[in-house]
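Overview (structure and organization)
Here's the letter readout for the chains.
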Amino acid sequence: MSKRILLGITGSIAAYKALDIARLLRQDGHDVQIVATRNALRFFPRLNAEIFTGHPVYVDLFDSSGSVRHVELASHSDLILIAPASADFLSKMALGLADDLLSAICLSTNSPILVAPAMEENMYFHPAVRENMKTLLSRGIREIPPETGPLASGKDGTGRLASPDAVKSAILSVIEHTQTWKGVRVLVSAGPTHEPIDPVRFIGNRSSGKMGYALAAACASRGAAVTLVSGPANLLPPPGVTFRSITSARELEMEMGKAFPSHDICFMTAAVADYRVKDPLAGKKKKDGKVWTLALVENPDILSSLSRMKTSQQYLVGFAAETVLDPKKLLEKLRKKGADMLLANDVSQPGIGFSSDTNELTMCLPDGQVISLGRHPKTVLAEKILDAVEKWGTLPNLVSDHEPSAHARRPPRG
Ligand code: C5P
C-alpha cells in the first residue's frame, strides 16, 4: 500500500540519517516529500535529498506561486513523520506555533503524525521535554522512541535517532491501522446532558466529552464514517466527522434513535443525566427567600433502548462511571443494558475519569471476561478500545447497501 509520506527534518545532528529513512520508505514504494526547517539544512545535503526523492525540499512558508503551501502539503500527505525531531521542534508543536512551513503543516493536517526525537540524553529527559512529549501523546501524536548508544557528544546515553528499521515498522503499524474501518459507520455519543430547570439554569454533570471525541477521532482516522452526537462540551468536533449537537437526555434519545439503525457500531460514551426536572419553568425563577424543591423524574435509559433495537449486524458499546469496580456487578450491568461491551472507569480516583485527559478503563465482555485496558491518555485508550472491538467484536457482514467492511472481513486477532 503506497502512501504519500511527508518527512519533516529538523535541526538535530541526526538530520543526515533522515536520508536513510527516506531511502527505505522509497524502496517500499512510498512517495516521500521532504520539508526541512532552516537549521536542518545545515546537517544534510539538500540537493542529494531532492534527487533522491524526486521532489524539491521545501523550507519556506511563503512562495511566489500563489499557492498556500502548508495547506496543500498538509492535505496531500497520508502521514507525517518528523525525523529527527529536535527538542526545539517538539516544544513548538506542543505550543502550537506555526512560524515555519513544517510547524504550520503539523497544525493544518488531519493525517497521523509520528515524531522520532533525537537529542542529548539530558535534553531528552529534561522535564520540559517530557512535559511537551506528554502533551503531544495526549493529542494522538505517536512517538518513535530514541535508542540508547553513542551520542553526538561522544557520551553513551538515550537520544539516538531510532533506526530506519524501527521507523519503518512504526510507520507500517500506522498505515495498517489507517483504513481498516473503511466502510464502517460509527455512531458516538459524547459529553454531558443538561437538563433545564428554567431558561437559565440546568442540572448537569462533570463530563468533558474528551473520551467520546477521542473515540470519534480514532474511528475517523481508521477510515470509518463517523457521526458524533454531543452534549454541551467545550471541544471542537474532529475533522471529517458528521456532528450533531444536543442539550438534554431526551434530545439525545431522539438523535440516537434516528441515527442508530444506519450505523454498524455505536459507542454510547455520553454521560446521560439519570434524572430531569419534572416541570421546567417557562420563565426565570426569581429569588423569594423560600426553600425551592425540585421534583425530578428518571430519564429514559438510551443504551438499553438502543440494545432493544439492535440487530445481529450491529455492535453496541456502553460505558460506566463507578465509584467501586466490582467485576460481578459490571458484568451484571453489561447484561442488563444488553450491550456487547462495557467499559468502566473508577470515578473516585483522583486524576482520571471525568474532565481529565487520562482515564483507566476496565473492559467487560458478554462471555464473562473482565480485562484492564490500563491507565492512559484518552486518545491512547480510544485506540485500545478500537483494537479491542476488532479483536472481540463478532461483527458479521455489515449492512447490504455498502461494501462489507475491511473491519468485518478481518479475522479476529490474538
Ligand atoms: O447506568 P449507568 O449510568 O451506569 O450506565 C452508563 C451507560 O449507559 C453509558 O454508556 C451511558 O451513555 C448510558 N446511559 C444511557 N441513558 C441513561 C443513562 C446512561 O444511555 N439515562
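Our structure's up above, just so we're on the same page.
Because the structure is predicted, anything quoted here is derived from the model rather than measured.

Procedures and definitions
Residues numbered from 1 in each chain as written. Predicted model: local features only at pLDDT ≥ 70, side-chain atom pairs only at ≥ 80, totals over all residues. Heavy atoms only, no water. Helix = DSSP H or I, 4+ residues; strand = E, 2+ residues; numbered from the N terminus. Buried < 20%, exposed > 50% of the residue type's maximum accessible area, 1.4 Å probe, protein only. Contact = heavy atoms within 4.5 Å. Areas by Shrake-Rupley, 256 points an atom, 1.4 Å probe, with all protein chains shown as cover. Lys, Arg positive; Asp, Glu negative; His and termini not counted. Charge placed at Lys NZ, Arg CZ, Asp CG, Glu CD. Core = buried A, V, L, I, M, F, W, Y, C linked by side-chain atoms within 4.5 Å. Salt bridge = Lys/Arg side-chain N within 4 Å of Asp/Glu carboxyl O. Pairing = 2+ DSSP bridges. Axes fitted to C-alpha atoms, helices over the stretch in contact; angles between N-to-C directions. Parallel < 35°, antiparallel > 145°, perpendicular 65-115°, else oblique. Left-handed = near helix turned anticlockwise from the far one by under 90°. Phe/Tyr/Trp six-rings, centres within 6.5 Å; stacked < 30°, edge-to-face > 60°. Lys NZ or Arg CZ within 6 Å of the ring centre and 35° of its normal. Near = heavy atom within 4 Å. Polar contact = N/O pair within 3.5 Å; in protein donor to acceptor, adjacent residues only side chain to side chain. Nonpolar A, V, L, I, M, F, W, Y, C, P; charged D, E, K, R; others polar.

**Some remarks on the overall build of the protein**
- Across its full length, the protein carries 14 helices and 19 strands.
- Counting the 414 residues in the protein, one finds 48% classified as buried.
- A sequence separation of at least 24 residues applies to 66% of the contacts in the protein between residues at least 6 apart.
- Of the roughly 19,800 Å² of accessible surface on the protein, a fraction of 53% belongs to carbon and sulfur atoms.
- Considering the protein, the positive charge centre built from 48 side chains and the negative charge centre built from 43 side chains are found 4 Å apart.

**Here we look at the nonpolar core**
- By size, the foremost hydrophobic cluster in this structure holds 33 residues, and its most contacted members are Trp181, Val186, Phe267, Met341, Leu343, Ile385 and Val389.
- For this core, the secondary-structure elements that each account for two or more residues are β8 (185-190), α9 (210-221), β11 (225-230), β13 (265-268), β16 (315-322), β17 (341-346), β18 (358-364) and α13 (378-392).
- Setting aside its immediate chain neighbours within four residues, Val186 contacts Trp181, Cys219, Ala224, Ala225, Val226, Thr227, His263, Ile265 and Phe267.
- Grouped together as the second largest cluster of nonpolar side chains are 32 residues, Leu7, Ala14, Ala118 and Ile171 included.

**Side note on the pattern of salt bridges**
- Taken as a whole, this structure holds 23 salt bridges when the rule is applied.
- Residue Arg23 is joined to Asp20 by a salt bridge in which the shortest nitrogen-to-oxygen separation is 3.9 Å. With Arg23 and Asp20 both in helix α1 (residues 18-27), this residue pair falls three residues apart, about one helical turn.
- For Arg23, a relative accessible area of 35% gives the class partly exposed.
- Across the salt bridge formed by Arg222 and Asp387, the nearest N and O atoms sit 2.9 Å from each other. With Arg222 in the loop between α9 and β11 and Asp387 in helix α13, the pair connects residues that are 165 residues apart, well separated along the chain.
- Note on Arg222: relative accessible area 1%, which makes it buried.
- Residue classification places Asp387 among the partly exposed residues on the basis of a relative accessible area of 24%.

**Remarks on unusual backbone geometry**
- Between Ala83 and Pro84 the backbone carries a cis peptide bond, its omega angle lying at -5 degrees.
- For Pro84, the position within the fold is in strand β3 (residues 79-85).

**Comments concerning the sheet that holds β3**
- Taken in spatial order, the five strands of this open sheet run β2-β1-β3-β4-β5, and their pairing is parallel. Two strands in the sheet have a free side with no partner beyond their single neighbour: β2 (31-36) and β5 (142-143).
- One ladder, built from four bridges, connects β3 with strand β4 (residues 113-117); its direction is parallel. Among the inter-strand pairings, Ile82 is bridged to a residue of β4, identified as Val115.
- Packing of α1 onto the sheet brings it into contact with β1 (4-9), β2 and β3, and relative to β3 it is tilted by some 150 degrees.

**Some remarks on the packing of helix α4 (residues 87-95) against helix α5 (residues 101-108)**
- Taken N-terminus to C-terminus, the directions of α4 and α5 make an angle of 40 degrees; their axes are 10 Å apart at the nearest point. Overall, the two elements α4 and α5 adopt an arrangement that is oblique. Considering only the axes of α4 and α5, their crossing is right-handed. Along its contact with α4, which presents Phe89, Lys92 and Met93, the element α5 presents Leu102, Ser103 and Cys106.

**Some thoughts on the side chain of Arg69**
- Here Arg69 shows up in helix α3 (residues 69-75).
- Looking at Arg69, the relative accessible area reads 14%, which means it is buried.
- Among residues more than four places away in sequence, those in contact with Arg69 are Tyr58, Asp60, Leu61, Asp63 and Leu101.

**Here we look at the packing of aromatic side chains**
- For the structure on display, the rule yields two aromatic pairs.
- With a centroid separation of 5.1 Å and 75 degrees between ring planes, the pair formed by Tyr124 and Phe125 is classed as edge-to-face.
- Classification of Phe125 by relative accessible area gives partly exposed; the value is 45%.
- Above the plane of the ring of Tyr124 lies Arg130, whose end atom (NZ or CZ) is 4.2 Å from the centre.

**With respect to the site of the ligand**
- Around the ligand sit Met268, Ala270, Val272, Asp274, Pro300, Asp301, Ile302, Leu303, Gly318, Phe319, Lys333 and Lys337, and those are all the residues in its vicinity.
- Here Ala270 contributes a backbone N or O atom positioned 2.7 Å from an oxygen atom of the ligand.
- The contact in question runs from an oxygen atom of the ligand to an N or O atom on the backbone of Leu303, over 2.7 Å.
- A total of 450 Å² of accessible area belongs to the ligand in isolation, and the protein chains cover 86% of it.
- Elements with a minimum of two residues in the shell around the ligand: α11 (302-309), β16 and α12 (327-337).
- The class makeup of the residues in the shell around the ligand is seven nonpolar, one polar and four charged.

**What to know about the environment of Glu147**
- Considering the arrangement of structural elements, one finds Glu147 in strand β6 (residues 147-150).
- Taking the relative accessible area as the measure of exposure, Glu147 reaches 31% and is therefore partly exposed.
- Sequence separation of Glu147 and Arg160 is 13 residues, and the distance between their C-alpha atoms is 4.9 Å.
- Apart from the residues within four sequence positions on either side, Glu147 is in contact with Gly157, Thr158, Gly159, Arg160, Leu161, Ala162, Ser163 and Ala166.

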